[in-house]
Amino acid sequence: DTQGIIDAQTVQFDADPAMAELAELLPYQMNPVAVGLTVLDGHVLTIDIATLVDMEAVQAGGVMLPVAQPIDPAFTELLPADAQYVVLGTGIWSAYQSLLANLQMAMEAQGEDPEEMYGQLEMAGAVIEQMVGLDYEDDILAWMTGDFALYFSADLAFVDSIFEDPGALAAVEDFPLEFGFLVAATDGVAAQNVIAQLSDTLPALLEQNPSADVAISQETIAGSSVLVFTLPVEDATMGLDTVDFLLGANDEVFVLGTRGAVTAALDPQVDNLRNSPGVEAATPYLLDQPNSVWYVSTDGVGLLGEFVMLTLLGPSIGNIFDNIVTELEAGTPPPTMTPEEREQQDLEALQEMQMMRGQVQQFFSLIENLTISTSVHADGVSLARLTLSLAAE
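Calculation notes
Residues numbered from 1 in each chain as written. Predicted model: local features only at pLDDT ≥ 70, side-chain atom pairs only at ≥ 80, totals over all residues. Heavy atoms only, no water. Axes fitted to C-alpha atoms, helices over the stretch in contact; angles between N-to-C directions. Helix = DSSP H or I, 4+ residues; strand = E, 2+ residues; numbered from the N terminus. Contact = heavy atoms within 4.5 Å. Nonpolar A, V, L, I, M, F, W, Y, C, P; charged D, E, K, R; others polar. Salt bridge = Lys/Arg side-chain N within 4 Å of Asp/Glu carboxyl O. Buried < 20%, exposed > 50% of the residue type's maximum accessible area, 1.4 Å probe, protein only. Phe/Tyr/Trp six-rings, centres within 6.5 Å; stacked < 30°, edge-to-face > 60°. Expected span 1.5 Å × (residues − 1).

1. Regarding the packing of helix H4 (residues 92–109) against helix H5 (residues 115–132)
Interaxial distance between H4 and H5 falls to 10 Å at its minimum, and their mutual angle equals 145°. Where H4 approaches H5, its residues Tyr-96, Leu-100, Leu-103, Gln-104 and Met-107 are matched on the opposing element by Met-117, Tyr-118 and Leu-121. Split by residue class, the contact of H4 with H5 holds seven nonpolar, one polar and no charged.

Here it is in structure tokens:
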């Protein structure tokens, strides 16, 4: 009885007059939740969750909900085909406005003055504008009304080599991670103005702070101006000396990320995330016209398996490396164990790790992809779908 639980919680708040108004909205007079579980096409485990929010109660209470528009599938053409972890959504500007409005309502309900919050935001905005000549609301956030995407990928071959040979870090020539944050440029001129303004102001700021350990340069990718931030890699175990992060924009997209991510967004290829086999297989099982999508590819599932292995095998790996460090510091193995015994012990530990790793990999190889899609409607109906697709035998 969802409403019964909410009513009981509301009674507890009634003892505090300052919270009474806020308690009446908890959580927007939600009706009971419906949950369904099924298997689609014999291999896609699916969970559907539906809720109904009393929109009249929400509007009466002054709660501001973000404007949720359906995601444009074409936006995923700006992401590389091998993206492993992907989050898609819409309406950053609307979400920001809703957050401020609801924080103000909550503060007022608790007897606090929201003007202090707005004063701090205004002060922060003034500092940003003084430094880079941009109003963070009017010049940056206000045009972010369309789709956005956040994604992360790792080189599985690199991860695999770490388990096989810890010294592989020293042989790394390319940064083994890719990530990108993309926002649809609903106002291409405004988006590109951000890059132009930062190109003019950031080098001067860097000159005023010579101790800053970052170099800024400019490049052109597919005809678009790009800022390049070069940072040193201070980890002595890696073969890389520096790593680049880029910021760029054109008439379609504003993008921040690694070189591969920015290049894929500004110079989209025929082979992209939208037409990748994994996304084509997962799309039919998403909600119709979703407002947000979370997607984990086959390689992403495999990487989750590696994370699980690190969690399970962390102590064993730590012991082996401790042994190595101890021997290096002492110059000779501890007297309680001969070199042959120590070598045999480490070998047995590695064999056990590899066996456990194989078992975990075998389990995660059964999963083809994972998705979460959500859909929010103006009448208060909210839907969420979770899918786990099993790999074909």
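More follows now that the structure is in view.
2. Focus on the pattern of salt bridges
Following the criterion strictly, the structure yields four salt bridges and no others. For Asp-244, the salt bridge goes to Arg-259, with nearest N and O atoms at 3.1 Å. Here Arg-259 lies in helix H9 (residues 259–266) and Asp-244 lies in strand S8 (residues 242–249), a separation of 15 residues in the sequence. By relative accessible area, which is 23% here, Asp-244 ends up partly exposed. Overall, Arg-259 belongs to the partly exposed group, its relative accessible area being 31%. One salt-bridge network, held together by shared partners, links Glu-219, Asp-244 and Arg-259.

3. Looking at the packing of aromatic side chains
The geometry of an aromatic ring pair comes down to the distance between the two centres and the angle between the two planes. If you walk through the whole model with that rule in mind, you get five aromatic pairs. Pairing Trp-143 with Phe-254 gives two aromatic rings, centres 5.6 Å apart and planes at 65°, and the pair type is edge-to-face. Taken as a pair, Trp-143 in the loop between helix H6 (136–141) and strand S4 (147–154) and Phe-254 in strand S9 (residues 253–258) lie far apart in primary sequence, 111 residues in all. Phe-254 shares its class with Trp-143; the two are buried. Connected via pairs of aromatic rings, a cluster forms that spans Trp-93, Tyr-96 and Tyr-136.

4. Looking at H4
If you check H4, its first and last C-alpha atoms are 26 Å apart, about what 18 residues at 1.5 Å a residue would give, namely 26 Å. The complete set of buried residues in H4 reads Ile-92, Trp-93, Ser-94, Tyr-96, Ser-98, Leu-100, Asn-102, Met-105, Ala-106, Met-107 and Ala-109. Immediately downstream of H4, the backbone of Gly-111 shows phi near 80°, a positive value.

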